[in-house]
Amino acid sequence: MEASRRSWAPKRRDDRIIIHFDYDCFYAAVFEAENPALRSLPLAVQQKHIIVTCNYEARRRGLHKLQPINEAKKLCPDVVIVLGEDLTRFRNASRELYNFIRQFSWNNKAERLGFDEVFLDVTDVIRYNIELLNANDLANSFFCLSQNDPTLGFPYNAAELAGHASPASTACQVILNGIDPDSLLIRLHLGSHLARHLRTQLEEHKGYTATIGISTSKLLSKLVGNLNKPNGQTTLLPPYEAPEGGTGNATAFIDGHEIGKIPGVGCKIAQKLREHILQRPAEIDSGLVYGGTKEKVTVRDVRTHPTINLEMLDRLLGGPGSHRGTGVRVWQLIHAVDDTEVGQAKEVPSQISIEDSYIRLDTIEEVLKELRKLAKSLIKRVHLDLLEESDDDTGIPPVAEHSKGSTSLGLRRWIAHPKTLRLSTRPRPPLNPDGTRARSFNRISRSAPLPTFIFGLSESIDALTERLISEALLPMFRKLHPDRSGWDLSLVNVAVTNMADAAGDSKTATGRDISSMLRKQADVLKEWRVEDRPVPPDAPAEVFGKNTSMPASSRPDDERKGSEDMLVPSQDSRNGFEGAVWDLEDGAEEQVSALACEICGAIMPAFAMLAHQRFHELGD
DNA sequence: ACGAAATAG
DNA sequence: CGTTCTATTTCGT
């Protein structure tokens, strides 16, 4: 009754089992996988003047992440240093491992975080296998990995946990009174065995070790995994919630963490919370002091602080610019509650970007040179990552992405369409002469529609690069930096974003849904009409800068507008439609004597192609 | 749609 | 603290 200032703790729902993977020292492991002889040597991966990561052999000698090269060499003169500024190999390895792991998922909930982490929701797999258990002989269980093939799986002892536990289990006695399929303990047991299987499979088949956490949420599985690195696994044991107001294992575990270590609580939020908990002082928090006087504010400090409640958090963290619901989110996190879903597996990223950093970059000529490098590798990447052999296999996509020599000539199609081009820079702070620090390490950016010619498959990469620079990037750069000089850039980034049809699964409808796709295809063709009504030649040419060295003859045809009511697959990206059209390229082509647009893959009769191309030239 | 910010590895 | 090279999501406009 008392309007207790204390809000109720958020409700737990521990009905899922989630596995978190963290590949051990990933960048170094990629080089080791390429060249196993490196495994026994101290190995460090360099970007610019720092070690971004190193293997455990190197760590034994005092090396660590984000260490200056000089320091590392001094500490360990015989360290093998490899350059890791080009991320291609890491990206490819990451995708390969991800594709491997996600095959074990039944619900397709497999979310990548950065290059070296994956969340897997295995709730359904666990549930299925609990039903298979024989309560009288748990020690001789068989974990079934497929609902279709009962022989696919591995034997295990369901009565005991695989790997480490937290809190560390003193006695490995497990009392299973019958098999309650809702028992968190038994579900975690199965989760731990699946995790161990996944780890050994990853090592045997791919040559990578991983550290794994097993729990009921992304928050808990990720944090608990950290307890046994490398090449280990840890399960957070129940009870997550104690019966009578006591502290369950979930809260007890999360309580000990420094507030900024909680995923979702970044430096800004952590700062605000620390300031509030440590009452007044603005706090020297992690400053330039290595001495050790580090004021730690733990989750427990925040959670048990007398003034902290839900409304307080909303007020404290809900300022302008902050995400709506941050207060609730943090309130849940400090109570070890995280209901966020593991994301559905995605086949295409939602953004592709390339960047480089510079010690000095202050002339247009230099910028142009760097823009050329960046644009070229971006276009290459867009082609590599977004172009797929349309020669359909109907099988599981082979993980071997590195089948060089694409034999099927011209049989490629775009699996996604970035629509926006973005140029970002990070200007070096103006550098005040009066010895004061000028602080700004922020990026500024301009974006514009991505010219569609980059999807053309006939022009050379170099030609595309030049066009992209003169028609888009240079004008954007002038918007960012109108002055000819007076700036100095420490970073330049070029990105394509806003993938049409990327986020959803344009590829989930494979195989058996053919007849409905045929029907949709027929409907589409029936309603399809092209009006060739002319449109006034008022197309603005403002994209072109005054000084572009572009010959008028190579400018795109901007004199006429295409009609708007034509078949454009990317217009309706709600499930099924585009997949239907795209997947039918081969078959439909001959029957209707239609052509496929090389830009978007849309099928259409030859007579429509000209107008359709005009449509692309004017952008969506 | 655009540009910035916050968070993550 | 930031150093690198990314990537995702959300906010205000």
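Cut-off values and rules
By convention here, each chain's residues receive numbers from 1 onward along its written sequence. Numbering of ligands from 1 and lettering of chains from A proceed in the order in which they are written. In view of the model being predicted, local features appear only for residues whose pLDDT reaches at least 70, and side-chain atom pairs are presented and counted only at 80 or more, with totals across whole chains, interfaces and linings using the full set of residues. Hydrogens and waters are ignored; side-chain quantities use all the structure's heavy atoms. Secondary structure elements are defined from DSSP: runs of H or I of at least 4 residues count as helices, runs of E of at least 2 residues count as strands, and each element is numbered from the N terminus. When checking whether two residues touch, look at their non-hydrogen atoms; a contact exists if any pair is within 4.5 Å. In this description, accessible areas are obtained by the Shrake-Rupley approach with a 1.4 Å probe, and a residue is regarded as covered only by the protein chains that are shown. The pairing criterion for strands is at least two bridges between them, as found by DSSP. The angle between two axes is taken between their N-to-C directions and runs from 0 to 180 degrees, where each axis is a line fitted to C-alpha atoms and a helix contributes only its stretch in contact. Whenever Lys or Arg places a side-chain nitrogen within 4 Å of a carboxyl oxygen from Asp or Glu, that contact is recorded as a salt bridge. Between buried and exposed lies partly exposed: a residue is buried under 20% and exposed over 50% of the maximum accessible area for its type, with that area taken using a 1.4 Å probe on protein chains only. Disulfides are defined as pairs of cysteine sulfur atoms found within 2.5 Å of each other. Throughout, the term roughly parallel applies to angles under 35 degrees, roughly antiparallel to angles over 145, roughly perpendicular to angles from 65 to 115, and oblique to all others. Crossing handedness is defined as follows: a turn of the near helix away from the far one that is anticlockwise and smaller than a right angle gives a left-handed crossing, while the clockwise case is right-handed. By the convention adopted, Pro, Cys, Tyr, Trp, Phe, Met, Ile, Leu, Val and Ala count as nonpolar, Lys, Arg, Asp and Glu as charged, and the other residues, Gly among them, as polar. Per residue, pLDDT captures the predictor's confidence, and it can take any value from 0 to 100. A single heavy atom is enough: if one lies within 4 Å of a molecule or strand, its residue is considered near that molecule or strand. What qualifies as a polar contact is a pair of N or O atoms within 3.5 Å, subject to a donor-acceptor requirement within protein and to the restriction that residues adjacent in sequence count only when both atoms come from side chains. Any Phe, Tyr or Trp ring, taking Trp's six-membered ring, that has another such ring centre within 6.5 Å forms a pair; planes under 30 degrees apart are called stacked, those over 60 apart edge-to-face, and the others tilted. Criterion for a charge above a ring: Arg CZ or Lys NZ at most 6 Å from the ring centre, at most 35 degrees from the ring normal.

Participant: Before we move on, could you go through the overall build of chain A and cite the residues and values that matter?
Facilitator: Counting its regular elements, chain A contains 18 helices and 20 strands. A separation threshold of at least 6 residues defines the contact pool for chain A, and within that pool the share at least 24 residues apart is 68%. If you sum the accessible surface of chain A, you get close to 33,300 Å²; carbon and sulfur atoms cover 52% of it.

Participant: So what's going on with the sheet that holds strand β2 (residues 43-47)? Which residues, and what values?
Facilitator: One open sheet accounts for 4 strands, arranged β4-β3-β2-β5; its pairing is mixed. Two strands lie at the open edges of the sheet, namely β4 (67-68) and β5 (80-83), each paired on one side alone. The sheet strands contacting helix α1 (residues 26-34) are β2, β3 (50-54) and β5, and the helix crosses β2 at an angle near 115°.

Participant: So what's going on with the pattern of salt bridges? Which residues, and what values?
Facilitator: Inspection of the entire model under this criterion finds 30 salt bridges. The residue Arg303 makes a salt bridge to Asp255 at a minimum N-O spacing of 2.6 Å. With Arg303 in helix α10 (residues 299-304) and Asp255 in helix α8 (residues 249-255), the pair connects residues that are 48 residues apart, well separated along the chain. The residue Glu459 makes a salt bridge to Arg467 at a minimum N-O spacing of 3.2 Å. Residue classification places Arg467 among the buried positions, given a relative accessible area of 19%. Here the salt bridges do not stand alone but share partners, grouping Glu57, Arg60, Arg61 and Asp78 into one network.

Participant: Lay out the state of the cysteines in plain terms, naming residues and giving numbers.
Facilitator: Scanning the entire structure with this criterion turns up 0 disulfides. Of all cysteine sulfurs, the one in Cys54 lies closest to Cys25, which takes part in no disulfide; the gap is 7.5 Å. Looking at the unpaired Cys76, the closest cysteine sulfur is the one in Cys54, lying at 9.2 Å. Judged by its relative accessible area of 1%, Cys76 falls in the buried class.

Participant: Describe the sheet that holds strand β7 (residues 117-121), and please don't skip the residues or the numbers.
Facilitator: Spatially, the 6 strands line up as an open sheet ordered β6-β7-β1-β11-β12-β10, and their pairing is mixed. Looking at strand neighbours, the two that pair on one side only are β6 (110-113) and β10 (164-166), the edges of this open sheet. Mean inter-strand twist for the sheet, computed between neighbouring axes without regard to direction, equals 20°. When β10 meets strand β12 (residues 233-236), the two strands line up parallel, connected through 3 bridges. If you follow His164 over to β12, its bridge partner there is Thr234.

Participant: Residue-level account of unusual backbone geometry, with values.
Facilitator: Cis geometry is adopted by the peptide bond preceding Pro167, which originates at Ser166 and carries an omega value of -5°. Counting through the fold element by element, Pro167 comes out in the loop between β10 and α6 (184-206). In this chain, Pro238 is followed by Pro239 through a cis amide linkage whose omega measures 5°. Its place among the elements puts Pro239 in the loop between β12 and α8. Here the phi dihedral of Cys25 falls at roughly 25°; this positive angle occurs in a residue that is not glycine. With respect to the element layout, Cys25 can be found in the loop between β1 (18-23) and α1. The backbone phi angle of Asn108 is positive, close to 65°, even though this residue is not glycine. Classification of Asn108 as partly exposed rests on a relative accessible area of 22%.

Participant: Tell me about the packing of helix α13 (residues 364-386) against helix α14 (residues 461-480), and please be specific about residues and values.
Facilitator: Close contact between α13 and α14 brings their axes to 9 Å; oriented N to C, the two are set at 125°. Considering the angle they form, α13 stands oblique to α14. For the pair α13 and α14, the sense of crossing is right-handed. Where α13 abuts α14, its residues Ile364, Val367, Leu368, Leu371, Arg372, Ala375, Lys376, Ile379, Lys380 and His383 lie against Ile461, Asp462, Leu464, Thr465, Glu466, Leu468, Ile469, Leu473, Leu474 and Phe477. Within the contact of α13 with α14, the residues separate by chemical class into 13 nonpolar, 2 polar and 5 charged.

Participant: Give me the lowdown on the confidence of the model for chain A, citing residues and values where you can.
Facilitator: Confidence along chain A averages 77 in pLDDT terms, with 71% of residues attaining 70 or more. When the criterion is pLDDT under 50, residues 284-293 qualifies, and its contacts beyond four places in sequence or with other chains add up to 3 contacts. Below a pLDDT of 50 lies the segment residues 502-593, which in the model reaches 123 contacts outside its immediate sequence neighbourhood of four places, other chains included.

Participant: Tell me about the protein's contact with DNA strand B, residues and numbers included.
Facilitator: In the vicinity of DNA strand B, 18 residues are found, and the nearest of them are Asp116, Lys222, Gly264, Ser445 and Ser447. Atoms of DNA strand B within 4 Å of the protein belong to the sugar or the phosphate in 100% of instances, the rest to bases. At 2.5 Å, a backbone N or O of Gly264 approaches a phosphate oxygen of DNA strand B. Here a phosphate oxygen of DNA strand B and a backbone polar atom of Val265 are 3.4 Å apart. Those elements giving two or more residues to the surface near DNA strand B turn out to be α9 (267-277) and β17 (444-449). The residue makeup of the surface near DNA strand B, split by class, is 7 nonpolar, 6 polar and 5 charged.

Participant: Could you give an account of the side chain of Asn92, with specific residues and numbers?
Facilitator: Relative to the assigned elements, Asn92 resides in helix α4 (residues 88-102). A residue is classified by how much of its surface remains accessible, and Asn92, at 17% relative accessible area, is buried. Polar contacts involving the side chain of Asn92 include one to the side chain of Arg95, which spans 3.2 Å.

Participant: I'd like a rundown of the packing of aromatic side chains, residues and numbers included.
Facilitator: Under the counting rule described, the total for this entry stands at 12 aromatic pairs. Measuring from centroid to centroid gives 5.7 Å for Phe100 and Phe104, while their planes differ by 70°, and the two rings are edge-to-face. Residue Phe100 is classed as buried on the basis of its relative accessible area, which comes to 12%. Classification of Phe104 as buried rests on a relative accessible area of 14%. When the ring of Trp106 is compared with that of Tyr128, the centres are 5.2 Å apart and the planes differ by 75°; the resulting orientation is edge-to-face. Placement of Trp106 in the loop between α4 and β6 and of Tyr128 in helix α5 (residues 123-131) is noted, with a sequence separation of 22 residues between them. Accessibility expressed as a relative area gives 24% for Trp106, which makes it partly exposed. Residue classification places Tyr128 among the partly exposed positions, given a relative accessible area of 26%. An aromatic cluster of three or more residues is present, and its members are Tyr23, Phe26, Tyr27, Phe31, Phe90 and Tyr208. The ring centre of Phe119 lies 5.3 Å from the NZ or CZ of Lys218, which sits over that ring. Of note, Arg467 hangs over the ring of Phe453, and the distance from its end group to the ring centre comes to 4.0 Å.

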